[in-house]
Amino acid sequence: MKNLRSIRVYTDKNGINYPTLCATEEIIKAYRIDSYPIFFILDENRTIRKVLRGYSEESSGKEILEMIEELL
């Protein structure tokens, strides 16, 4: 549960208001997650199309929106 609290503090501090997930060790290994946070942008078929590692208030939100718009 400590990880869930850490995620909540991070999302609140950075104004992240969209769903977040806490991965199991199995998922971390399967998707080669080596940093936090990590964003997976999926297409309409739920295929991972883009991956963004880390978060910066100045650029990450803009990058995420650009990635989504590119896929639309």
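Residues numbered from 1 in each chain as written. Predicted model: local features only at pLDDT ≥ 70, side-chain atom pairs only at ≥ 80, totals over all residues. Heavy atoms only, no water.

(A) Structural detail: the overall build of the protein. Each helix and strand in the protein was counted, giving three helices and two strands. Starting at the N terminus and walking to the C terminus, you meet the elements of the protein as α-α-β-β-α. For the protein, buried positions account for 19% of its 72 residues. If you take every contact in the protein between residues at least 6 apart in sequence, the share linking residues at least 24 apart comes to 18%. For the protein, the accessible area works out to roughly 6200 Å², and carbon and sulfur atoms hold 52% of it. (Helix = DSSP H or I, 4+ residues; strand = E, 2+ residues; numbered from the N terminus. Buried < 20%, exposed > 50% of the residue type's maximum accessible area, 1.4 Å probe, protein only. Contact = heavy atoms within 4.5 Å. Areas by Shrake-Rupley, 256 points an atom, 1.4 Å probe, with all protein chains shown as cover.)

(B) Molecular detail of unusual backbone geometry. Of note in the backbone geometry, arginine 32 takes a positive phi value of approximately 50 degrees without being a glycine. As for its position among the elements, arginine 32 is in the loop between α2 (25–30) and β1 (38–42). Within the chain, arginine 46 stands out as a residue other than glycine whose phi angle is a positive 65 degrees. Mapped onto the elements, arginine 46 comes out in the loop between β1 and β2 (48–53).

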